[in-house]
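Structure assessment
These are the residues of each chain, in order.
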Amino acid sequence: MQAAAAQAHGPREVVWPQDPQFGRASAGKIAMWIFLVSDGLSFAGLLLAYGILRGESLIWRHPDEPSLGIAFTAGLTFLLICSSVTMVFAYEAALEGRRSRAALFLGLTALGGVLFLLGQYSEYFGILHPGLAREGLVFGQSAYASTFYVITSFHGFHVFSGTVYILVTLGRWMRGKATPAQIELLGLFWHFVDLVWILVFTIVYLIPTGS
Amino acid sequence: MSESSAHAPAHASRARQYLIIFLVLFLLTLIEVGVAYVQGHKAEVMVALFALAVVKAACVALFFMHLKWETRVLRATVVVPMCFPVLYALILISEGAWRRLAG
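Residues numbered from 1 in each chain as written. Chains lettered and ligands numbered in written order. Predicted model: local features only at pLDDT ≥ 70, side-chain atom pairs only at ≥ 80, totals over all residues.

**Quick notes on the overall build of chain B**
The criterion, for reference: Helix and strand labels come from DSSP, where a helix needs a run of H or I of at least four residues and a strand needs a run of E of at least two; each type is numbered from the N terminus. Using C-alpha atoms as the atom set, the radius of gyration is obtained and then compared with a globule rule of 2.2 Å times the number of residues to the power 0.38. Burial in this document is a count-based property: other C-beta atoms within 10 Å of a residue's C-beta are tallied, and the residue is buried at 20 or more, exposed at 12 or fewer, or partly exposed in between, with C-beta positions derived from the backbone. By the convention adopted here, residues are in contact when the distance between their C-beta atoms, placed from the backbone, does not exceed 7 Å.
Along chain B, the regular secondary structure elements total 3 helices and 0 strands. Its C-alpha radius of gyration of 18 Å places chain B more than 25% over the 13 Å reference for a compact globule of 103 residues. Principal axes of the C-alpha set define a box for chain B whose edges measure 55 × 30 × 10 Å. Within chain B, the proportion of its 103 residues that are buried is 20%. A separation threshold of at least 6 residues defines the contact pool for chain B, and within that pool the share at least 24 residues apart is 59%.

**Some thoughts on the overall build of chain A**
A count of helices and strands for chain A gives 7 helices and 0 strands. Counting from the amino terminus, chain A carries its helices and strands in the arrangement α-α-α-α-α-α-α. With the C-alpha coordinates aligned to their principal axes, the bounding extent of chain A is approximately 65 × 45 × 20 Å. When burial is assessed residue by residue, chain A has 38% of its 211 residues classed as buried. Across chain A, every contact between residues at least 6 apart in sequence was considered, and the portion connecting residues at least 24 apart equals 75%.

**Observations concerning the nonpolar core**
Where we set the bar: Residues enter a nonpolar core if they are buried, belong to Ala, Val, Leu, Ile, Met, Phe, Trp, Tyr or Cys, and are joined to the set through C-beta atoms within 7 Å.
Grouped together as the largest cluster of nonpolar side chains are 65 residues, with contacts concentrated most on A:Ala90, A:Ala102, A:Leu106, A:Val196 and A:Val200. Look past the residues within four positions of A:Ala102 in its chain and what remains in contact with it is A:Ala90, A:Ala93, A:Ala94, A:Trp173 and A:Ile183.

**As for the domain arrangement of chain B**
Applied cut-off: In this entry, domain limits derive from an automatic or database-based domain assignment.
Domain boundaries in chain B define domain 1 (1–70) and domain 2 (71–103). Between domain 1 of chain B and domain 2 of chain B, the C-alpha centre-to-centre distance is 20 Å.

**Concerning the interface of chain B and chain A**
Let me state the cut-off plainly: Nonpolar residues are Ala, Val, Leu, Ile, Met, Phe, Trp, Tyr, Cys and Pro. Charged residues are Asp, Glu, Lys and Arg, and all others, Gly as well, are polar.
At the interface, 40 residues of chain B touch 40 residues of chain A. Mapped onto the side of chain B that touches chain A, the elements with two or more residues apiece are helix 1 (11–36), helix 2 (42–64) and helix 3 (72–102) of chain B. A breakdown of the residues in the side of chain B that touches chain A according to their chemical character gives 27 nonpolar, 7 polar and 6 charged.

**With respect to the packing of helix 4 (residues 99–125) of chain A against helix 6 (residues 143–174) of chain A**
Residues and elements named next belong to chain A. Worth spelling out the cut-off: Lines fitted to C-alpha atoms define the axes, with helix axes restricted to the stretch in contact, and inter-axis angles between N-to-C directions lie between 0 and 180 degrees. An angle below 35 degrees is read as roughly parallel, one above 145 as roughly antiparallel, one from 65 to 115 as roughly perpendicular, and any other as oblique. By definition, any crossing whose near helix is turned counterclockwise from its far helix by less than a right angle is left-handed, and any crossing with a clockwise turn is right-handed.
Between helix 4 and helix 6, whose axes approach to 9 Å, the crossing angle comes to 155 degrees. Overall, the two elements helix 4 and helix 6 adopt an arrangement that is roughly antiparallel. Pair helix 4 / helix 6 crosses with left-handed handedness. Across from Ala102, Ala103, Leu106, Gly107, Thr109, Ala110, Gly113, Val114, Phe116, Leu117 and Gln120 in helix 4, the residues of helix 6 making contact are Thr152, Gly156, Val159, Phe160, Gly162, Thr163, Ile166, Leu167, Thr169, Leu170, Trp173 and Met174. Its residues assigned to classes, the contact of helix 4 with helix 6 shows 14 nonpolar, 9 polar and no charged.

**Observations concerning the environment of A:Arg24**
Residue and element names in this part refer to chain A. Within the secondary structure layout, arginine 24 lies in the loop between helix 1 (2–9) and helix 2 (27–56). Arginine 24 gets classed as partly exposed once you count the C-beta atoms within 10 Å, which come to 16. Taking the C-alpha atoms as reference points, arginine 24 and serine 153, 129 residues apart in sequence, are found 36 Å from one another.

**Observations regarding helix 1 of chain B**
Our working rule: Every helix has an expected span of 1.5 Å times one less than the residues it contains.
Given a rise of 1.5 Å per residue, 26 residues ought to cover 38 Å, and the 37 Å separating the end C-alpha atoms of helix 1 of chain B matches this to within 8%. Considered for burial, the residues of helix 1 of chain B that qualify are B:Arg14, B:Ile21, B:Leu25, B:Thr29, B:Glu32 and B:Val35.

**Notes on unusual backbone geometry**
All names here are of chain B. Despite not being glycine, histidine 41 has its phi angle at roughly 45 degrees, a positive value. The residue histidine 41 is located in the loop between helix 1 and helix 2 in this model. Notably, histidine 66 is not glycine yet its phi reads approximately 65 degrees, a positive angle. Its location among the elements puts histidine 66 in the loop between helix 2 and helix 3. Residue classification places histidine 66 among the buried residues on the basis of 22 C-beta atoms within 10 Å.

**Focus on helix 3 (residues 70–95) of chain A**
Compared with the 38 Å implied by 1.5 Å per residue over 26 residues, the 38 Å span of helix 3 of chain A between its first and last C-alpha is a close match. The positive-phi residue at the C-terminal boundary of helix 3 of chain A is A:Gly97, with phi of around 80 degrees.

**Quick notes on the confidence of the model for chain B**
Using the following cut-off: On a scale of 0 to 100, pLDDT captures the predictor's confidence in every residue.
When the pLDDT values of chain B are averaged, the result is 89; 92% of them are 70 or greater. Averaged over each element, pLDDT in chain B is lowest for helix 3 of chain B (91) and highest for helix 2 of chain B (95).

**A look at the packing of helix 2 of chain A against helix 3 of chain B**
Contact geometry for helix 2 of chain A and helix 3 of chain B: axes closest at 10 Å, N-to-C directions at 5 degrees. Comparing the axis directions of helix 2 of chain A and helix 3 of chain B gives the class roughly parallel. Contacts between helix 2 of chain A and helix 3 of chain B involve A:Trp33, A:Val37, A:Gly40, A:Leu41, A:Ala44, A:Leu48, A:Gly51, A:Ile52 and A:Gly55 from the first element and B:Leu74, B:Thr77, B:Val78, B:Pro81, B:Met82, B:Pro85, B:Tyr88, B:Ala89, B:Leu92 and B:Gly96 from the second. Within the contact of helix 2 of chain A with helix 3 of chain B, the residues separate by chemical class into 14 nonpolar, 5 polar and no charged.

Next up, the structure:
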């Protein structure tokens, strides 16, 4: 009933014909998946290069370079996991036609993205503490520093674009111009950002540096 | 989850499933952080960390990204290309380990 009411007032949802290979997946969804695979391969390239450089180096982290804060970054990981949960609940609410609830969860997801970016800024440049750059982790000074900044900022750029994408979709949803299917595509991108962070967190932060 | 999902569970059951996955991800992250602080046993720590990361990533892809309910062809379209960098990494790790043993 609610879904029917939502459909009556919102843009019409296109139901895709059943395809023997892709079921009822829309062209937009297949395109998003293909984009995510290509984006995933970009991250794979960065992480493979990181592994090769680190595996071949005699000293990965020089004594005057700071170690990476595991506890703080675990907090950022938890934040992204929470934002993935709010995103799936936004999509569920959109499917049920509960517009305000969907908007609330989309807003919470965007807040998660903003907090993550603030956390990353604080990690790099410091807000209540000096930050890695001032502690001696300087881009271009070592492979340890350069790979760290390239990989985490590339991911940070994804969080930034994802947050903008969420806010744009939220605005369209509130004006009745976005459909649940569009929120699903947004969710795919956002969960991908979370998924990639799980791997970045493990490979860049958690793998011990000692021999 | 669009209508491409043939055997997708009902809304209420999905909501419960999301909360379970959230708890699993939270607990696995705690375990990861604990494992990262284990001293010595570097090879075992690395294997454990990679295994935990793969399980977490699979949870996100299967349940939050609804890959579990997509068709086999769509799942293969996503998973097969991602196997090649993993295979390449395994070859490089084996080659590095072999060189260390030989040298």
